[in-house]
Amino acid sequence: MNYQEIVRHLCDQGYLATLENVSDLDCLVVSHDFEGGNLKLIHFCVDEIDCLPTFFLGNFSQYGNLAHVLPLEKFDLGSVCVGDQDSVSVNFEQPKLAFQESLERHINLLTKTILEVAWNTEELLREFYANWLRICDDSSADFICAASGDLEEVQVFSPVSGRKWGFGAKYLGITHCASSLAEFSYIAQQDKNRSIAGEGFIIPLNNLKPAPTTSELLGEWYLQTIKNNYISSKFEQKKGKRFWLIFNAQTPSGRTWFGIQLSIKGNGKKSLPKNEESLKNWSISPIRVKIFNKEKIMPRSGANLGLEGKSVLMVGCGSVGGEIVYKLGAAGIGNMVLCDPDIYTMDNIYRHVLSDHFLGCNKAIALSLELDSKFPWIKTQYEIRKLLDLRNTNYLNSFDLIVIAIGSPTHERLFHDFLVQNHIKTPVINTWLEGYGIGGHAVLDLQNANGCLRCAYVDLQTGARGLSSNLNFLETDQNLTVNHAGCGELFLPYNSVSAAQTALIATNLAIGTLLGKITSSSKVSWKGDCSDVVSRGFSVTHRYTAFDKSLQILPLYNEDCDICHG
Amino acid sequence: MSIQKHFNTFHDAIKLSKQDDAYKTARERDDSITNDVRNAFKDAGYPVIEDFIQGSISTDTAILKKSGDFDIDRAIVIDCDNAPDNCVKPKITLCENVLEKRGFQNAKIKKPCVTADYKSENLHIDFPIYRKNGAEYELAIGKRNADESNRKWEEADPRGLKDWIKDKSSYIGSASDKLSQFNHLVRYLKRWRDEKFSEGVAAKIHSIGITVMAKQCFSPSFDSDGKPDDLIALKTTVSAMLIHGYFTAKANSQYQVSAFLPKKPWRDIFDGSSVNTGTQFRNKLSTLEGKLQDAISETDEIEKCKILREVFGDDFPVPEKSNNSASTRKAIFSSSGAVGTSQGA
């Protein structure tokens, strides 16, 4: 790295930049005057820049508590955060420009935090949680708290001995309020053999001060906080050796959760310390709190709360169906009935989401267990039945959506006949893939809307009811299956990627339908590579050669469909 | 209802295939006569080594004639080693020892074949006779009393021609459907010919000529979903036929038509054709192109069908009211018992 050139460039741009030695380290130091003061910015020289060059704020202690600046222990330096490094693409081929850009960002941020006090305070509250984490001990276990946020007592359970990861490795706090929530039962299922660690209180704060910049300042922060906020006298009078105080407060970033642990020094029990003197009898440490409720976890981890009340019947738990239920679960579907009579075997391992722990288990049961353990707020049931066994009007009308992934056009058309004849109102998605990675399809049949499953089966040559879908990319009547062991062992070759791709288009349709974003009967296809098909001498359809709308949601209606005109 | 469905209805009304009940009697007569031919040729010392249907029935391009007549082209093949040098001899054998014995008073020895008419059953059978040497065929050319200079065993490739017409190797994606569309187009063109030309001129616009021209100019048309559009395909194919070079301009806005067989003997199908035939063919084909374009441009379903009925005659359906209204439609079921599909999950 040619720092001489960088210094020359910065000087040319009007900066006062020099190369110096600080604590035996080579540094680039920039001095910048601004209205009311001077900034000393220090960059420790590096061999290459793999991120936006970092500058530390010199004489940090003179500025007080600045947003986006954290103290560097043992030095009077402040570490400045000018944004998410991963979201910046740095010009490492022109380092001088990268330095200039970084310097401008540092100066703009710092002068604003120093000069605009109100903004600085708001930013300190916005980044409260991040600053709180800075003072927490990295080696201490997280505190998982299942609570609504109201003022109440919390029972604290210790981590399970020997656990290094998962919920068992963390403290668990459960309030009376939370005991009636679904998440309680879920967490309780995780580990039933926890020991009680003590008790604590959930304390909502109306008056939040910025987080202390060092753990040494935590006591002072605590005393000011309990002085400025309401804490029930019932809590104040409670005596104990160890308390967990779990705070929550509204910040510009939303509701923030954090906590402290108070442990008495020596023996005996005491009530919560309320002044400096009584605090001397306690050890105080900050703790990381992870709130465990659906309102927080589901949106944060990618689920949609709007799907929590939806009920889906999934018929077919094979490679495609397995992928679909995982993705529907991940989307936040609250209720699912999984239906499949098949057993999970070794032939399924490499293209099915299930692990080999479930070999010999019914696929619907296995997936139900998997989903229950994976998604905290899902409720699953299973049915060991075939599609045609489900022809019950009341039963089918009880769902918000039916998804069929069985790859059986005969059964699917028969089932569709039943839906039509019995005026079933529930939307239905049929999805299937084709062999050799050529593609996959999903069809959404919204009852009482133009377009139905049979639109996807109209024989395009004759206008008659076809037996094979007109969406298919492979021509009919080709011997596509592979037979390794005789009758009953025939299979259509495809891999997990094809299954997952197909599941993606079906799930996308499902979510769009359940959220009311898709309001007409639709079809979606994905088109894959045909090299395997061609090398085996199979023929593709015209649709395959002409298709250029992979993943696009297209109208399903076919004007020659007699059922849509029935 | 889509215009394609009307084309399908029209096609079903005009097509003639081996499986049709209407063809059953004709086929039985043909089989019976062929059996007699085999016996007669065996007695004559040149046994039949193979026979096959050639012509439009074999290429799935046959139509029901408006007159109700059926044509059958039955190729009779004898071995080259047994075949007489005089190629007319077996034709006479067929005519006298088979057809006349069966009461055909109008059996004729024409230049390329022997013909017989079952007048009571509107059946017309042509018997081209070939001799075969290895894989090569030679057709017996010559009339009954033709001298040596007017008769010969001429190189021919009836199977090659049939394969060429049925070839789909150049069609990418749903090749069978594209060949099927070609077959539809040839049938439409034949019906158009029968509808638009006098009987005399129509007879000179040979079916094999239309078939070869259409094959060479065929432009399949399918939408992105794979649904055929016969109207567009026919229009683009007819347009290509007009500019392909089949029609040579002559004086006074007249035209000579010529199209060569794509297989042996590579002859001009319209050899000896008059400029009147060429001119009418070319001009009516041009009119057809315009009418097809009108039909494409027309947005109203009924009006579209009326234009096409004008072109193809009364077998082209014209609905009473547009299908855009939510009318109940009768289900058409698949004609297959089952098909293998590529669907899995």
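We now turn to the structure provided with this report. (Residues numbered from 1 in each chain as written. Chains lettered and ligands numbered in written order. Predicted model: local features only at pLDDT ≥ 70, side-chain atom pairs only at ≥ 80, totals over all residues. Heavy atoms only, no water.)

### Concerning the overall build of chain B
Secondary structure assignment for chain B yields 10 helices and 11 strands. Here the C-alpha atoms of chain B give a radius of gyration of 22 Å, agreeing with the 20 Å that 2.2 N^0.38 yields for 345 residues. For the C-alpha atoms alone, the extent of chain B along its principal axes is close to 70 × 60 × 40 Å. Evaluated residue by residue, chain B yields a buried proportion of 49% over its 345 residues. In chain B, of all internal contacts separated by at least 6 residues, the share reaching a separation of at least 24 is 65%. A total accessible area of about 15900 Å² is found for chain B, and carbon and sulfur atoms account for 44% of it. Computed over 52 positive and 51 negative side-chain charges, the separation of the two mean positions in chain B equals 1 Å. (Helix = DSSP H or I, 4+ residues; strand = E, 2+ residues; numbered from the N terminus. Rg over C-alpha atoms; globule rule 2.2 N^0.38 Å. Buried < 20%, exposed > 50% of the residue type's maximum accessible area, 1.4 Å probe, protein only. Contact = heavy atoms within 4.5 Å. Areas by Shrake-Rupley, 256 points an atom, 1.4 Å probe, with all protein chains shown as cover. Lys, Arg positive; Asp, Glu negative; His and termini not counted. Charge placed at Lys NZ, Arg CZ, Asp CG, Glu CD.)

### Comments concerning the sheet that holds strand β12 (residues 242-251) of chain A
All names here are of chain A. Within the open sheet, the eight strands sit side by side as β15-β13-β12-β10-β8-β9-β7-β16. Their pairing is mixed. Edge strands, defined here as strands with exactly one partner in the open sheet, are β15 (282-287) and β16 (289-291). Recorded for the sheet is a direction-independent mean angle of 25° between the axes of neighbouring strands. The sheet contact formed by strand β7 (residues 143-146) and β16 spans three bridges and is parallel. Paired with Phe 143 across the bridge in β16 is Val 289. Across the sheet, helix α4 (residues 128-135) is in contact with β13 (254-264), β15 and β16; its angle to β13 comes to roughly 25°. (Pairing = 2+ DSSP bridges. Axes fitted to C-alpha atoms, helices over the stretch in contact; angles between N-to-C directions.)

### Quick notes on the interface of chain A and chain B
A common way to report how large an interface is uses the accessible area buried once the components associate. Between chain A and chain B, the contact holds 43 residues from the first and 37 residues from the second. Its largest share of buried area at the contact with chain B, chain A owes to Gln461(A), His542(A) and His565(A), together 22% of the area lost on that side. Put simply, chain A and chain B have four salt bridges between them. Between Glu559(A) and Lys227(B) there is a salt bridge whose closest N-O contact spans 3.3 Å. For the interface between chain A and chain B, the tally reads 23 residue pairs in polar contact (both at pLDDT 80 or more). No other element matches helix α16 (residues 542-546) of chain A, which puts four residues into the side of chain A that touches chain B. Per-class residue counts for the side of chain A that touches chain B are 17 nonpolar, 17 polar and nine charged. (Buried area = accessible area lost by both parts, 1.4 Å probe. Salt bridge = Lys/Arg side-chain N within 4 Å of Asp/Glu carboxyl O. Polar contact = N/O pair within 3.5 Å; in protein donor to acceptor, adjacent residues only side chain to side chain. Nonpolar A, V, L, I, M, F, W, Y, C, P; charged D, E, K, R; others polar.)

### Structural notes on helix α3 (residues 117-126) of chain A
Here α3(A) has its buried residues at Asn120(A), Glu123(A), Leu124(A) and Leu125(A). Buried residues along α3(A) sit in contact with α2 (95-115), α4 and β12 of chain A.

### Here we look at the pairing of strand β2 (residues 70-79) of chain B
Residues and elements named next belong to chain B. The buried fraction of β2 is high, at seven of 10 residues. As defined by bridge partners, strand β1 (residues 48-54) adjoins β2 across six bridges and the pair is classed as antiparallel. By the bridge assignment, Asp 51 is partnered in β2 with Ile 76. In terms of strand pairing, β2 meets strand β5 (residues 123-127) through four bridges, oriented parallel. Residue pairing across strands places Asp 73 opposite Asp 126, the latter belonging to β5. Pairing of β2 with strand β6 (residues 129-133), which is carried by four bridges, proceeds in the parallel orientation. Of the residues in β6, the one forming a bridge with Val 77 is Tyr 130.

### Comments concerning the packing of helix α5 (residues 175-196) of chain B against helix α7 (residues 207-217) of chain B
Residues and elements named next belong to chain B. One can describe the packing of α5 onto α7 by two numbers: an axis separation of 10 Å at closest approach and a directional angle of 135°. Here α5 lies oblique to α7, going by the angle between them. Every pair of crossing elements has a handedness; the one defined by α5 and α7 is right-handed. Of α7, the residues touching α5 (which contributes Leu 179, Phe 182, Val 186, Leu 189, Lys 190 and Arg 193) are Ser 207, Ile 210, Thr 211, Ala 214 and Lys 215. Each residue belonging to the contact of α5 with α7 can be placed in one class, and the counts come to six nonpolar, two polar and three charged. (Parallel < 35°, antiparallel > 145°, perpendicular 65-115°, else oblique. Left-handed = near helix turned anticlockwise from the far one by under 90°.)

### Focus: the pairing of strand β25 (residues 522-527) of chain A
Regular strands place side chains that alternate from one sheet face to the opposite one. Residues and elements named next belong to chain A. In terms of burial, β25 is a largely internal element, five of the six residues being buried. In the sheet, strand β22 (residues 439-445) pairs with β25 via six bridges, with the strands oriented antiparallel. Bridged to Ala 442 within β25 is Val 524. Where β25 and strand β26 (residues 554-555) come together, two bridges link them in antiparallel fashion. Each residue of the ladder has a partner; that of Lys 523, found in β26, is Leu 554.

Such coordinate-based values are descriptive only and should not be taken to indicate function.
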